[in-house]
2 protein chains.
Amino acid sequence: MAARDLQERIKKLIIDRRLPSGAPLPTEPELMEFLGASRNSVREALKALQAMGIVEIRHGFGTYVGPMSLAPMIEGLAFRTVAGHYRGEDSLLQLLELREAVETGLVSRLAGRLPEADLDELAALVARMEEQAAQGAGLAETDRAFHATLYRGLDNVLLSEVLEAFWDAFHRVRCDLVEVPQDPQVTCRQHREILDAVRSGDSARAERAIRSHFGHVRARLDVSTERSPSPQ
Amino acid sequence: MAARDLQERIKKLIIDRRLPSGAPLPTEPELMEFLGASRNSVREALKALQAMGIVEIRHGFGTYVGPMSLAPMIEGLAFRTVAGHYRGEDSLLQLLELREAVETGLVSRLAGRLPEADLDELAALVARMEEQAAQGAGLAETDRAFHATLYRGLDNVLLSEVLEAFWDAFHRVRCDLVEVPQDPQVTCRQHREILDAVRSGDSARAERAIRSHFGHVRARLDVSTERSPSPQ
DNA sequence: TCCGATTTGTTCGTATGTATG
DNA sequence: ACATACATACGAACAAATCGG
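As annotated in an unreviewed UniProt entry, chain A carries the name GntR family transcriptional regulator and comes from Streptomyces mangrovisoli.

This is how it looks when you write it as structure tokens:
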């Protein structure tokens, strides 16, 4: 009776007091008194809220309002994908298709509307990617930065975070599950083509570039997915 | 030190044993022995996993593998949006824009590719919507069904669930925060136009229809958002 | 309807680890 | 080194819910 209620009441407390991210929450004893519940119940409620990213607990220091990031969504998506994969579903492919669907829809609207500064930054990222490819280094982080920078121009923090969350979940699962046959040269060429297309302002070409990029990732996925790896 | 670890080990247990959704987990005493932790610690870990939708706990019955739905994401998104709204941010508008971005990207690809059966179902939904509008009844559920049916043809369960999650979060927050000036007639016309556009196979027209629909919702939002309501 | 077995829900007391000053 | 404040962890007990006889 209390457990579910406690979470709601703590959330309501944050709303009512207009607590911003990082603001300190009452200590556990204070919450015990305020909510009229025992330590353990309060702690379980806080644990649940922590899992949702609503509060942040720092050992030996205190409890604070969380950053409200989408990190817990990544966690949930990643687990759901891993579990589905080991059960023989094509969950990883579905996650990739989700990214493809969203990004193709966005990039066409982005074409020709990106400020010069963002385009320069993207160009620098591609250059760095080519450098890393030449050295045989991993270019995952640069790839992430490219996609993040690309959609920053939409001026919607939520949208950017959701896309980054999808990227993170996909990347984490892919690393855990399948060793992808790297092909850095092709990856670089495709990112440069995306950049050129967006710069040119040709929506259709930009959409084609994105679709081609994802098609390549999908192809690498298919050949790696033939055999189902076993955990540990 | 153990808390974070316990969650990971329970997740690993689900993965390793290939437990499908709905499968029973070991009881709390069994988990205590298996994980070498006290009951309270095990319970806190389970609570956190429950918040992420990974496990489902039924009082007096047992613990089970969760449905892996995106319900926790809705919860998190909704709270984040409400909290941001009361802090004076335009979080609700951002959520709407997120939906608009995704749906405009998808509907253009859908135009002309929807099977006849789905089109008929959509037509029935619009008819029902018009009926409800005439009676002055709420048409939220029908609206939800329309959007859900529309993107079912993409054949990607994850994608459908994400879109439904966005719809749910937006609807919940909108109901909690602002009383929207209903305009059922316009809503019906716009949904019919979306349907007609998709049926005609004209991608650009479909995208225009969706964008017009969202534009209308946004306009109603703007006038309601002038004054910031206070909670309870 | 009742009963007992099983399982989760809630509470208390106590001890330990950790960060701050 | 010490004290304070806080979170972490454990164990034991009882309450409440569920299921089957």
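A. Region of interest: the interface of chain B and chain A. Taken together, the 51 residues of chain B in the interface contact 51 residues of chain A. When chain B packs against chain A, the two sides together hide about 4,900 Å² of surface, and 62% of this comes from carbon and sulfur. Among the residues of chain B in contact with chain A, Glu44, Phe79 and Arg80 of chain B are the three that bury the most area, contributing 15% of the side total. Where chain B touches chain A, the interface holds six salt bridges. For Lys11 of chain A, the salt bridge identified is with Glu75 of chain B, shortest N-O distance 3.3 Å. The tally of links between chain B and chain A comes to 17 residue pairs in polar contact (both at pLDDT 80 or more). Residue assignment for the side of chain B that touches chain A shows that the elements contributing at least two residues are α1 (2-16), α3 (39-51), α4 (71-86), α5 (91-110) and α8 (157-177) of chain B. Counting residues per element, the side of chain B that touches chain A draws most heavily on α5 of chain B, which supplies 10 residues.

B. Representation of the domain arrangement of chain A. By the assigned domains, chain A splits into domain 1 (3-65) and domain 2 (71-227). Each of domain 1 of chain A and domain 2 of chain A has a C-alpha centre, and the two are 36 Å apart.

C. Structural context of unusual backbone geometry. The phi torsion at Met68 of chain A lies on the positive side, around 55 degrees, for a residue other than glycine. Structurally, Met68 of chain A is set in the loop between β2 (62-65) and α4 (71-86). A positive phi angle, close to 55 degrees, is found at Arg18 of chain B, a residue other than glycine. Examined against the element boundaries, Arg18 of chain B turns out to sit in the loop between α1 and α2 (28-35).

D. Region of interest: the relation of the copies chain B and chain A. The two copies are related by a screw motion: chain B maps onto chain A through a turn of 180 degrees and a shift of 0.1 Å along the axis, at an RMSD of 0.1 Å. What we have between these two chains is a two-fold relation. Residue Gly105 of chain B of chain B places its C-alpha closer to the rotation axis than any other residue of that unit, at 1.7 Å. By residue overlap, the copies meet face to face through one surface: 100% of the interface positions of chain B are interface positions in chain A.

E. Quick peek at the packing of helix α5 (residues 91-110) of chain A against α8 of chain B. Between α5 of chain A and α8 of chain B, whose axes approach to 8 Å, the crossing angle comes to 55 degrees. Between α5 of chain A and α8 of chain B, the interaxial angle falls into the category oblique. Contact residues: α5 of chain A offers Gln94, Leu95, Leu98 and Ala101 of chain A, while α8 of chain B offers Val157, Leu158, Leu159 and Val162 of chain B. For the contact of α5 of chain A with α8 of chain B, the class distribution of residues is seven nonpolar, one polar and no charged.

F. Spatial organisation of the pairing of strand β2 (residues 62-65) of chain B. Residue and element names in this part refer to chain B. Where strand β1 (residues 55-58) lies against β2, four bridges are found, and the strand directions are antiparallel. Within β2, the position partnered with Ile57 by the bridge is Thr63. Where β1 folds back on β2, the antiparallel hairpin that results is connected by three residues, among which Gly60 adopts a positive phi of roughly 70 degrees.

G. Layout of the nonpolar core. The biggest cluster of nonpolar side chains holds 150 residues, and the ones touching the most others in it are Phe146 and Leu150 of chain A together with Phe146 and Leu150 of chain B. Apart from the residues lying within four places of it in its own chain, the contact partners of Leu150 of chain A are Val107, Leu110, Leu114, Leu122, Ile194 and Val198 of chain A.

H. Region of interest: the side chain of Arg220 of chain B. Residue and element names in this part refer to chain B. The topology assignment puts Arg220 in helix α10 (residues 203-225). Comment: no salt bridge for buried Arg220; closest opposite-charge side chain is Asp183, at 6.3 Å. Every residue in contact with Arg220, bar those within four places of it in the chain, is listed here: Arg174, Pro181, Gln182, Asp183 and Thr187.

I. Region of the structure containing the packing of aromatic side chains. All names here are of chain A. One pass over the structure, following the stated rule, counts two aromatic pairs over all chains. The positively charged end of Arg17 is found above the aromatic ring belonging to Phe34, 5.5 Å away from the centroid. For the cation-ring pair, Arg58 lies above Tyr64, with the distance from its terminal atom to the ring centre recorded as 4.4 Å.

J. Quick peek at helix α6 (residues 116-135) of chain B. All names here are of chain B. Between its first and last C-alpha, α6 extends 29 Å over 20 residues, near the 28 Å set by a 1.5 Å rise per residue. Listed as buried for α6 are Asp118, Leu119, Leu122, Leu125, Val126, Met129, Gln132 and Ala133. Down the axis of α6, the sector holding all buried residues measures 140 degrees, keeping them to one side. Residues of α6 that are exposed and angled more than 90 degrees away from the buried face: Ala117, Ala134 and Gln135. Those residues of α6 that are buried are in contact with α7 (140-150) and α9 (184-200).

K. Representation of α9 of chain B within the structure. Residues and elements named next belong to chain B. Here α9 is 17 residues long and its end C-alpha atoms lie 24 Å apart, about the 24 Å a rise of 1.5 Å per residue gives. Turning to α9, its buried residues are Val186, Thr187, Cys188, Gln190, His191, Ile194, Leu195, Ala197 and Val198. Positive backbone phi, approximately 85 degrees, marks Gly201, located one or two places after α9.

Thresholds applied
Chains are numbered independently. Their residues run from 1 in the order of the written sequence. Each chain is given a letter, starting from A, and each ligand a number, starting from 1, according to the order in which they appear as written. Local features in this predicted model are restricted to residues whose pLDDT is 70 or higher, and side-chain atom pairs enter the listing and the counts only when it is 80 or higher, whereas totals over whole chains, interfaces and linings include all residues. Excluding hydrogens and water, the side-chain values take into account all heavy atoms of the structure. Throughout, a residue-residue contact means that at least one pair of heavy atoms, one from each residue, lies within 4.5 Å. Using a 1.4 Å probe, buried area is obtained as the accessible area two parts lose upon being combined, added over both of them. By definition, a salt bridge exists where a carboxyl oxygen of Asp or Glu is found within 4 Å of a side-chain nitrogen of Lys or Arg. A 3.5 Å cut-off defines polar contacts: any pair of N or O atoms within that distance qualifies, except that in protein one atom must be a possible hydrogen donor and the other a possible acceptor, and neighbouring residues in sequence count only when both atoms are side-chain atoms. A run of H or I in DSSP becomes a helix once it reaches four residues, and a run of E becomes a strand once it reaches two; helices and strands are each numbered from the N terminus. Boundary definitions for the domains trace back to an automatic or database domain assignment. Only residues with pLDDT of at least 70 in both copies count here: their C-alpha atoms drive the least-squares fit that superposes the copies. Only the stretch in contact is used when fitting a helix axis, every axis being a line fitted to C-alpha atoms; angles between N-to-C directions are given from 0 to 180 degrees. Orientation categories follow fixed angle ranges, with anything under 35 degrees roughly parallel, anything over 145 roughly antiparallel, 65 to 115 roughly perpendicular, and all other angles oblique. Under the grouping applied here, Gly and all other residues not named as nonpolar or charged are polar, the nonpolar ones being Ala, Val, Leu, Ile, Met, Phe, Trp, Tyr, Cys and Pro and the charged ones Asp, Glu, Lys and Arg. When DSSP finds two or more bridges between a pair of strands, those strands are recorded as paired. Throughout this description, the term nonpolar core refers to a set of buried Ala, Val, Leu, Ile, Met, Phe, Trp, Tyr and Cys residues connected via side-chain atoms within 4.5 Å. In this scheme, a residue with accessible area under 20% of its type's maximum is buried, one over 50% is exposed, and one in between is partly exposed, where area comes from a 1.4 Å probe on protein chains only. Neither His nor the chain ends is counted toward charge; the positive residues are Lys and Arg and the negative residues Asp and Glu. Any two rings among Phe, Tyr and Trp, with Trp reduced to its six-membered ring, count as a pair given centres within 6.5 Å; such a pair is stacked if its planes are under 30 degrees apart, edge-to-face if over 60, and tilted if neither. Two conditions define a charge located above a ring, namely a distance within 6 Å from the ring centre to NZ of Lys or CZ of Arg, and an angle within 35 degrees of the ring normal. Any helix carries an expected span of 1.5 Å times its number of residues minus one. Read the arc as the range of directions from the helix axis to the C-beta atoms.

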